[in-house]
Amino acid sequence: MYTAREEWEQHYGEGKGWRLLGERERELLAEHAPVPEGGGRALDVGCGTGELAAHLAGVGYTVDAVDLTDSAIARAREEHADVDGVRWLQLDIERDDPAALHEEGYDLITLRLVYPFVGDRGRVVHGLGKRLLDGGALVVITPTVENTPAERRGIALDEDEITLLGAGWKTVERADADGLAFLVLRGPCHLDTRAVEKRPTTGHALTGALAVVTDDAGRVLLGRSRRGMLELPGGKTTGPEDFATAAVRELAEETGLIADPADAHVVTMLVDDSHGIPRLTAVVRITAWTGTLANPEPDKFDRWEFVDLHALACVGDVFVPAALAIDAVWPGILPGLPPTTAYPIAADQPPVPGEPAEAARLRASMTQMVIDGGWAPSERVREALRTVPRHRFAPEVNLAAAYDGGDRAVITRYDETGTAISSVSAAWLQADMIEHLGLKPGAVVFEAGSGGYNAELIAHVTGPDGRVVTVDIDPWVVRRTRRFLTEAGSGRVTSVEADAALGAPGHLVPRGGFDASMITYNCWDIAPAWREQLAEGGRLVLPLEMGGYTRAVTFERRGQVLHARHFTYCGFVRDQGQQARSIPVVPLLDGGLTLRFEHGTAAETTGLEEALRGPRHEVATGITMGATNSYFGSLQLYAATTLPGFCRLAAHQEPEEGVTGIAKDRDAPAIVGDASLAYLVHVQTTDGDSPQGKAWEWVVHAFGAQGPELAERLAATVRAWDCHIRADDNDQHADPVLTVHPAGTPDDALPAGDVLEKEHCRLVFRWPGRDVVLPGPVERLEAAVVAEGV
């Protein structure tokens, strides 16, 4: 049985082949996998000299035929030169980057006389199933042990292996093709992972070691045991041997792989029980190994194979200690684990290399997308994006999701309500924020909000002499960050469990302060520690909420004042710990509407319910927008920071059911008065067959006795924005001059501008054109301004 590419090259190079495609196989293919109406696409895996691929093309399929050997593909091209509709591809389906395969998928995928030679069978079949179109079929044609001479049974499947092959598919049909098993698999389905136990033990206590081993693509080694579950290599300790030695011994005995105890690192001790018997399990990370994967104990295991980390959520039953050990190395990728006590050990473990070929291509593509968007102008940031393996900090998702170059963040943790509380942010935004830190080689940087990837990007930018201190309040996030940094980091990032609003622990703050600081979660306020621990002239980049609208603002410290240098539109998970803040919300009309007072203090709303049931007053602003310049984020921020009584009116019902005209689950800028309310909507004024032919106008709706006055004030704000802030290019809207001053700074010590009060600071906005005379506020709003000291 061939195990190396060179053996296959020699086989086909010498003119050898395999059993010819039989008439019964052709009949079964026509019966179970007819060509879809209008044609279909097929993938022939391990096509050899191309007989099956040529047949599929002849009946109407467009075929991708792949084989790992050049000699087979060369013969296929030569022997079927007159066949149209086949693309011959030299590709190792187990190891190579699958970029050449059709990205939209296939109606039919075939593996003829190939499956017994596949090493990581579960992973390969799972991946091929993901490439099937709806209603498509995976057809496996293979010899069986019962019909194969004893000396050649290595190329055949037994009944247990055929049963495993069909696991995880909605339907499995089997037919006989002149002694070959003809298997038709349809509907790849998700097998929820469960942590399960073995039978009860008879001992008084159990101690053992489990080896966590990965291949050169970063996949983890698992064995399909005869008990019907997946297990890691490992077992009980013997006599006085230490846990690392036990793991290495068990690895060799069970898989044939050889490791040096010096490359075996005990990273965690797990304490739980098995049917009431205490159990102590050492999690041993193997960082290097040699040998060829085998199955020396077939009475215990069906086979061993390397499994993609992102696929671990759908592999079925996993032995409890193995599941807990995997979670100890890659926290968060296995769901629903039983409770345990873990004692992480500060082992001096080196990083463990390994990634699929596809990862490098996707990382390069993501980087190029970020560069093309103008988010990474410096070569050091570009090189960090090209180098740091983003997928290893988000192992629960597939490579395509990890390297999505658009606005997609990878959510890594939710709270009990389902709200995202930790994530790997969109790559373009990470690059933009790092660029605006203005880092120099050797810089020491503070990061609030951990995850590992962003900190490692910063470490790469600052170079070998740089250092990053990353702080998070969530122990789970910190444990995960530390593990991922150990597995794939540079060693220049220190992860700390603490409330990031308090800054870094004193002993980690460099003399003179951090060269730069980055906050990676939405902040309603700016913690004093972030300014105090920042060096003079250093930069702080954080997602700051202003009226509920978030911008990643780049600040530069000058004494006790932070000066804004740049604004980027963005959104992040919310802050926790001391800075966590509840926004006052007032429901209206039986919950159909809500008013959100994002500045932190709710206004008086008595009488608003009655006003909303009365007549609606409307004011057209005369300000329009088209499909190409519809972005109005600068208008939202302008209104939020210049209008007294500002709030946001959110709708929770369809427009025709309510009074507002606001789309369901959307909100609008608003201001309130005495039993009165005004808010801003856009109304379509011109329709057209193309987006370019459509236009909208900003219109103010108002209710209550003071509604007309409120509406005029809001309309005047829109017109002032249009005159002084708005630009034809959505990216060129004018930003305010913003300074941040410590709380308690006297009014006479502040520059002229609109003041937004926070608990720990006072923000002063100086917008272009704010020296123009706007209509005066209504009487109650004037009183509110005086009361607030704005």
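Residues numbered from 1 in each chain as written. Predicted model: local features only at pLDDT ≥ 70, side-chain atom pairs only at ≥ 80, totals over all residues. Heavy atoms only, no water.

A.B. asks: I would appreciate a short explanation of the environment of A516 in the present structure.
C.D. replies: Note that A516 resides in strand β23 (residues 514-519). With 14 residues separating them along the chain, A516 and W530 place their C-alpha atoms 9.8 Å apart. Setting aside anything within four residues of it in sequence, one finds A516 in contact with L437, L439, V444, V445, F446, L534 and R539. (Helix = DSSP H or I, 4+ residues; strand = E, 2+ residues; numbered from the N terminus. Contact = heavy atoms within 4.5 Å.)

A.B. asks: Could you clarify how one ought to interpret the nonpolar core in this entry?
C.D. replies: When a protein is soluble and globular, its nonpolar side chains tend to lie buried together. Counting residues in hydrophobic clusters, the biggest one holds 73 residues, and the most contacted among them are V220, L232, L312, W330, L385 and L439. Broken down by element, the residue count for this core peaks at eight residues, all from helix α8 (residues 320-329). Excluding residues that lie within four positions of it along the chain, L439 makes contacts with R380, I434, V445, I458, V461, T462 and A516. Counting 59 residues, the second largest nonpolar core, distinct from the first, contains V444, A527, L637 and F646. (Core = buried A, V, L, I, M, F, W, Y, C linked by side-chain atoms within 4.5 Å. Buried < 20%, exposed > 50% of the residue type's maximum accessible area, 1.4 Å probe, protein only.)

A.B. asks: Please explain the sheet that holds strand β17 (residues 341-344) as it appears in this structure.
C.D. replies: Working definition: the strands of a sheet are paired by backbone hydrogen bonds and lie parallel or antiparallel to each other. On the basis of which strands lie adjacent, the open sheet formed by five strands has the order β12-β9-β14-β13-β17 and mixed pairing. With one partner strand each, in any of the chains shown, β12 (234-236) and β17 form the two edges of the open sheet. On average, each strand axis in the sheet is inclined to that of its neighbour by 20°, with strand direction left out of account. With seven bridges connecting them, strand β9 (residues 206-212) and strand β14 (residues 277-286) associate as parallel partners. Pairing of G208 across the sheet is with T281, part of β14. (Pairing = 2+ DSSP bridges. Axes fitted to C-alpha atoms, helices over the stretch in contact; angles between N-to-C directions.)

A.B. asks: Just to check I follow, could you spell out the pairing of strand β32 (residues 676-686) for this structure?
C.D. replies: Consecutive residues of a regular strand have side chains that alternate between opposite faces of the sheet. Examined bridge by bridge, strand β31 (residues 667-673) and β32 share four bridges and lie antiparallel to one another. Of the residues in β32, the one forming a bridge with G673 is S676. Between β31 and β32, which pair antiparallel and follow one another directly, the connecting turn spans two residues, one of which, A675, has a positive phi of 50°. Sheet topology note: the β32/strand β33 (residues 695-703) ladder contains nine bridges and is antiparallel. Paired with L680 across the two strands is V700, which belongs to β33.

A.B. asks: What is the right way to look at the pattern of salt bridges in this model?
C.D. replies: For side chains bearing opposite charge, pairing can occur when the charged atoms are close. Here the structure, examined in full by the defined rule, presents 51 salt bridges. Taking the shortest distance from any N to any O, the salt bridge between E556 and R558 comes out at 2.4 Å. Looking at R558, the relative accessible area reads 41%, which means it is partly exposed. As a salt-bridge pair, R616 and E618 come within 2.8 Å of each other at their nearest N and O atoms. Its relative accessible area of 38% is what places R616 among the partly exposed residues. (Salt bridge = Lys/Arg side-chain N within 4 Å of Asp/Glu carboxyl O.)

A.B. asks: Can you help me understand the packing of helix α17 (residues 633-642) against helix α18 (residues 707-724) in this one?
C.D. replies: Geometry of a packed helix pair, given as the angle between the helix axes and the separation of the axes. In the contact formed by α17 and α18, the axes pass within 10 Å of each other and the chain directions differ by 130°. If you check the angle between α17 and α18, you find them oblique. Both α17 and α18 take part in a crossing whose hand is right-handed. Mapping the contact onto sequence places S634, L635, Y638, A639 and T642 in α17 and R713, T717, V718, A720 and W721 in α18. Class assignment for the residues of the contact of α17 with α18 results in six nonpolar, three polar and one charged. (Parallel < 35°, antiparallel > 145°, perpendicular 65-115°, else oblique. Left-handed = near helix turned anticlockwise from the far one by under 90°. Nonpolar A, V, L, I, M, F, W, Y, C, P; charged D, E, K, R; others polar.)

A.B. asks: Hey, could you run me through unusual backbone geometry in this one?
C.D. replies: Glycine aside, negative phi is the norm for most residues, and most peptide bonds take the trans geometry. In this model, L113 sits at a positive phi of 60°, which is unusual for a non-glycine residue. With a phi close to 65°, D665 is a non-glycine residue in the positive phi region. By secondary structure assignment, the location of D665 is in the loop between β30 (646-651) and β31.

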